[in-house]
Amino acid sequence: MIKAAVVTSSAGQVTQLLKCWSQGDQEALGRLMPVVYGELRRLARRQMARERPDHTLQVTALVHEAYLRLLDVRQVDWQDRAHFLALSAQMMRRILVDAARARHYQKREGEAWKVPLQEELLIPTEPGADLVALDDALKSLADVDPRKSQVVELRFFGGLTVEETAEALQLSPRTVMREWSLAQAWLYRELRKNSDE
């Protein structure tokens with residue numbers, strides 16, 4: 001019971017600070033970061049777990065790079081903690097994809113890695129899953145069905161629960177689960193098709 005009250009209080013504090021920040025209070029971001037730093041590190045650890053072991057970026061560096069990019073964000077009507085974490089996860093994913101592209105990553109050379117999207121298998125067993133191919137497939141999915149793409153962003157990259165994803169996208173949890181299942185099948189087919197080419 002006490003834990004739920006603490007989470008609610010923290011979520012309310014995050015929402016309030018986000019509202020202040022979106023209204024132009026630049027100091028609100030400075031007050032926000034200590035409150036959400038642990039969650040940002042969790043997001044970064046989750047994203048780095050999918051990377052190759054010798055990746056040059058570390059968890060702390062990824063969090064700090066995302067923070068620097070957040071400083072440049074303008075005109076965002078922040079909704080709540082889930083919205084903030086979703087955008088942060090998206091930024092972290094883009095940082096890692098940019099790093100992969102900068103290394104002249106050969107995205108379709110040889111056999112592509114299978115990237116499991118099942119909840120219990122969110123972290124691939126194979127190190128160095130082809131993030132660039134997954135990013136390309138996710139962009140293709142966004143062209144076909146933006147909502148499914150958003151669900152994958154929040155669930156897979158953001159690590160949000162079904163309920164948090166539903167809240168962030170203003171959908172029912174049942175709709176999120178349906179979109180999640182369909183998106184997994186679509187991405188699997190797309191990644192498989194590209195690996196066969």
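Residues numbered from 1 in each chain as written. Predicted model: local features only at pLDDT ≥ 70, side-chain atom pairs only at ≥ 80, totals over all residues. Heavy atoms only, no water.

Engineer: In this structure, what is going on with unusual backbone geometry? I would like to understand it.
Structural biologist: Glycine aside, residues mostly have negative phi angles, and peptide bonds mostly take the trans form. One non-glycine residue, Q170, lies in the positive phi region at around 55°. Along the polypeptide, Q170 turns up in the loop between α7 (162-169) and α8 (173-196). (Helix = DSSP H or I, 4+ residues; strand = E, 2+ residues; numbered from the N terminus.)

Engineer: Any chance you could explain the pattern of salt bridges here in plain terms?
Structural biologist: Where side chains of opposite charge bring their charged atoms close, a pairing between them can arise. One pass over the structure, following the stated rule, counts 12 salt bridges. We note a salt bridge from D98 to R69, for which the minimum N-O separation is 3.6 Å. Of this pair, D98 sits in helix α4 (residues 81-102) while R69 is found in helix α3 (residues 59-71), placing the two residues 29 residues apart along the sequence. Accessibility expressed as a relative area gives 39% for D98, which makes it partly exposed. In this structure, R147 and E179 form a salt bridge, with 2.7 Å as the shortest nitrogen-oxygen distance. Separated by 32 residues along the polypeptide, R147 in helix α6 (residues 146-157) and E179 in helix α8 bring together distant segments of the chain. Judged by relative accessible area, which is 33%, R147 ranks as partly exposed. Residue class for E179 comes out buried when judged on its relative accessible area of 4%. Shared partners join several salt bridges into a network, and the residues in it are R93, D135, K139 and E153. (Salt bridge = Lys/Arg side-chain N within 4 Å of Asp/Glu carboxyl O. Buried < 20%, exposed > 50% of the residue type's maximum accessible area, 1.4 Å probe, protein only.)

Engineer: Would you take a moment to explain the packing of aromatic side chains for this structure?
Structural biologist: Describing an aromatic ring pair means giving the distance of the ring centres and the angle of the ring planes. Taken as a whole and assessed by the stated rule, the structure comprises two aromatic pairs. On the basis of an interplanar angle of 15° and a centroid distance of 5.3 Å, the ring pair of W21 and W78 is categorised as stacked. Here W78 lies in the loop between α3 and α4 and W21 lies in helix α1 (residues 2-22), a separation of 57 residues in the sequence. Of the residues examined, W78 reaches a relative accessible area of 2% and is grouped as buried. An aromatic cluster of at least three residues, connected via ring pairs, comprises W21, W78 and F84. Here R155 stacks its cationic end above the ring of W180, 5.0 Å away from the centre of that ring. (Phe/Tyr/Trp six-rings, centres within 6.5 Å; stacked < 30°, edge-to-face > 60°. Lys NZ or Arg CZ within 6 Å of the ring centre and 35° of its normal.)

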